[in-house]
Amino acid sequence: TNLSSRAPRKMRWLAVVLCVVERAGALVASREAVAGRRVSARQASVADVEGSQLAQLASMTTLSIDSGDLEVIASWAATGCITDATTNPLFVAQAGTSGDPKYAAMVDRAVAYARERADGDEAVRLAMDRIAVELGLEIVKIVPGYVSTEVDIRASFDVEESVARARRIVAMYEAEGVDRSRILVKVAGTYEGIQAAAILEAEGISTNITLIFGFVQAVLAAQAGARLISPFPGRILDWHKANSGISTCDPDDDPGVVCVARMYAYYKKHGHHRTICMPASWRPSRGAADPAFAVDEIVALAGVDRMTIPPPLLEILAQSTVHLPRKLDPERAAAACADGVLGEPPMMSESQFRLEMNADLCATTKLAEGINAFVAETAKLEAAVRAKL
C-alpha cells in the first residue's frame, strides 16, 4: 500500500491483490474465531453447570429432557443433571421425516422389520411402533434412567388396542436386551387410556399417563397404579389466558402451577407414593418481557418429583446462578392438602370420572386439543411409512 505511484503498474496491481487477499484472510479468521468462541461458550454452558439453577434443580427434582435429538440429549446428559428422556409423536414424526441420515436409517430398519413380519395396514402400524422403539433404543444408550415411548395416540379411546400396542413396544425393547424397567409406555389421560394403564401395570409394564390437564385425571391415574403422570402446566395457563381474562400472573398464582401442586399434594397426603408427578410443557407466567420468565413455572414447582424440560429452557437454567428455593416438599404438601379421597376406593367409577371431566372445561378442551395435535403428527409419519412400504 505504500508503493509509489511511479512503481510499475503490474507491481501496483499485485500489491492491491495481496492486500485484498490478506484482509479477506483476516476477516475469515476473525469470523472463525468468533464462531469458535460461540461454540466454546455453548459447550461450556453444558459442561460446567455447577452452582447453576439447573444443578440446584437437579438436587431436588429428577430431570428428564424433552427431546428426540440424540446429539442434544447426549450433550445435556453429560452434565450429570439429566437422567431421563421423553419422546412424543411430534419427536418421532420429526425424526421419521427429517431426512437426516441417522434418522433415515432408523426408518429403513423399522420398515424392513415390519416387512418381514406383517403386511398391509398391520405392517404400517408395526413399522410406526418400531420407529418409536428405534429412537428409544438409541436414547437408552445415552441416559441411565427412564425412556418414555408413546403408544399410537389414535388408540386413546381403545383399551384393547392400547394394551396390545404397549405390550408389543415393550417386547421389542426386551428383544434388543433392554429391560422393561427402563421403559415408560405413554398413554393418553383418557378414561380408556388410564384403564389400559391399570392392565399394563398389573403385568409389570410401567406407564406414563400423558396429556394431564385436570385434577380428576391425576387422581384416577394414581388409583390405577400408573408409574408416572405428565401434567401440562403451560397449556393449562394457555386455557386460562384465553378464557379467564388473565394475561400475566405471579408464578405461584399461575393456574397451571396451582393445579400441578394440588396433584402433588394429593399424592403425598393419600399415599400414592408410587405414582410420580412429572410436569411438562412450560409457559412464562409473567409474560415474555424478560427471557428469564420462560422458566417461571419450573422455578415455581421446584421440588416436584420429576420434570421433563426442553433444551432451550435447560439452557436458561444452566446460565443462571440465582438461588433456587425449594417450593414443593412432600411433608409440607401433604399437611397443606385440603382434598379428601376422590371416588370410592380402590378406583372411582367411569361415570364419576366423566362427570368430573365434563365439569373441568380446561381439562376437557386441552385433552381434545392435545390428542388432535398428536394425531396430526402421527398421520404425517404414517404417510411417510406407507410411502416407504
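Predicted model, so just to flag it, every value in this text is computed and none were measured.

Enquirer: Residues and numbers for the overall build of the protein, please.
Expert: Broken down by element type, the protein carries 16 helices and eight strands. Across the 389 residues of the protein, 52% fall into the buried class. Residue pairs at least 24 apart in sequence account for 71% of intrachain contacts in the protein once pairs closer than 6 positions are excluded.

Enquirer: Give a detailed account of unusual backbone geometry, specifying residues and quantitative values.
Expert: Put simply, Pro-345 and Pro-346 share a cis peptide bond, and its omega is 5°. Position of Pro-346 relative to the elements: it lies in the loop between α14 (330-336) and α15 (350-359). Despite not being glycine, Leu-211 has its phi angle at roughly 60°, a positive value. Tracing the backbone shows Leu-211 in strand β5 (residues 207-212).

Enquirer: Summarise the sheet that holds strand β8 (residues 306-309); cite the residues concerned and give the values.
Expert: Read from one edge of the open sheet, eight strands run β7-β6-β5-β4-β3-β2-β1-β8, paired in parallel fashion. Since the sheet does not close on itself, it has two edges, and those belong to β7 (276-277) and β8, each with one partner. Pairing of strand β4 (residues 183-188) with β5 involves four bridges; the strand directions are parallel. Looking across to β5, one finds that Val-185 is bridged to Thr-207. The sheet contacts of helix α11 (residues 255-269) involve β5, β6 (228-231) and β7, and relative to β6 the element is tilted by about 160°.

Enquirer: Requested: an account of the packing of aromatic side chains, with residues and values cited.
Expert: Taken as a whole and judged by the stated rule, the model has three aromatic pairs. The interplanar angle of 80° and the centroid separation of 5.4 Å between the aromatic rings of Phe-213 and Phe-232 together place this pair among those described as edge-to-face. Of this pair, Phe-213 sits in the loop between β5 and α9 (215-223) while Phe-232 sits in the loop between β6 and α10 (233-243), and the two are 19 residues apart along the sequence. With centroids separated by 5.3 Å and ring planes inclined at 90°, the aromatic side chains of Phe-215 and Tyr-266 adopt a geometry described as edge-to-face. Taken together, the positions of Phe-215 in helix α9 and Tyr-266 in helix α11 put the pair 51 residues apart, joining distant regions of the chain. Residue Phe-215 shares its accessibility class with Tyr-266, and that shared class is buried. Over the aromatic face of Tyr-113 sits the side chain of Arg-130, whose NZ or CZ is 4.2 Å from the ring centroid.

Enquirer: Quick one: what's the story with the packing of α9 against α15, residue by residue and with numbers?
Expert: Geometrically, a packed helix pair is captured by the angle between its two axes and the distance between the axes. Running from N to C, α9 and α15 cross one another at 155°; their axes reach a closest spacing of 9 Å. Here α15 runs roughly antiparallel to α9, going by the angle between their axes. In this structure, α9 uses Val-216, Gln-217 and Leu-220 to contact α15, whose residues at the interface are Phe-353, Glu-356 and Met-357.

Enquirer: Run through the pattern of salt bridges, naming residues and quoting values.
Expert: The tally for this structure, following the rule as stated, stands at 32 salt bridges. Between Glu-71 and Lys-102 there is a salt bridge whose closest N-O contact spans 4.0 Å. Taken as a pair, Glu-71 in helix α3 (residues 70-77) and Lys-102 in helix α5 (residues 101-117) lie far apart in primary sequence, 31 residues in all. For Lys-102, a relative accessible area of 32% puts it in the partly exposed group. Between Asp-305 and Lys-268 there is a salt bridge whose closest N-O contact spans 3.0 Å. Taken together, the positions of Asp-305 in the loop between α12 (296-300) and β8 and Lys-268 in helix α11 put the pair 37 residues apart, joining distant regions of the chain. The exposure classification of Asp-305 matches that of Lys-268, with both residues buried.

Enquirer: Residue-level account of the pairing of strand β2 (residues 82-86), with values.
Expert: Counting buried positions along β2 yields four of five residues, so the element is predominantly enclosed. As paired elements, strand β1 (residues 62-66) and β2 share four bridges and run parallel to each other. The residue of β2 that forms the bridge with Ser-64 is Asp-84. With respect to chirality, the unit in which β1 leads through α3 into the neighbouring parallel β2 is right-handed. Sheet topology places β2 next to strand β3 (residues 147-150); two bridges connect them, and they run parallel. Bridge pairing in β3 places Thr-86 opposite Ser-148.

The rules behind each value
- Residues numbered from 1 in each chain as written.
- Predicted model: local features only at pLDDT ≥ 70, side-chain atom pairs only at ≥ 80, totals over all residues.
- Heavy atoms only, no water.
- Helix = DSSP H or I, 4+ residues; strand = E, 2+ residues; numbered from the N terminus.
- Buried < 20%, exposed > 50% of the residue type's maximum accessible area, 1.4 Å probe, protein only.
- Contact = heavy atoms within 4.5 Å.
- Pairing = 2+ DSSP bridges.
- Axes fitted to C-alpha atoms, helices over the stretch in contact; angles between N-to-C directions.
- Phe/Tyr/Trp six-rings, centres within 6.5 Å; stacked < 30°, edge-to-face > 60°.
- Lys NZ or Arg CZ within 6 Å of the ring centre and 35° of its normal.
- Parallel < 35°, antiparallel > 145°, perpendicular 65-115°, else oblique.
- Salt bridge = Lys/Arg side-chain N within 4 Å of Asp/Glu carboxyl O.
- Right-handed = clockwise from strand over helix to strand, strands pointing away.

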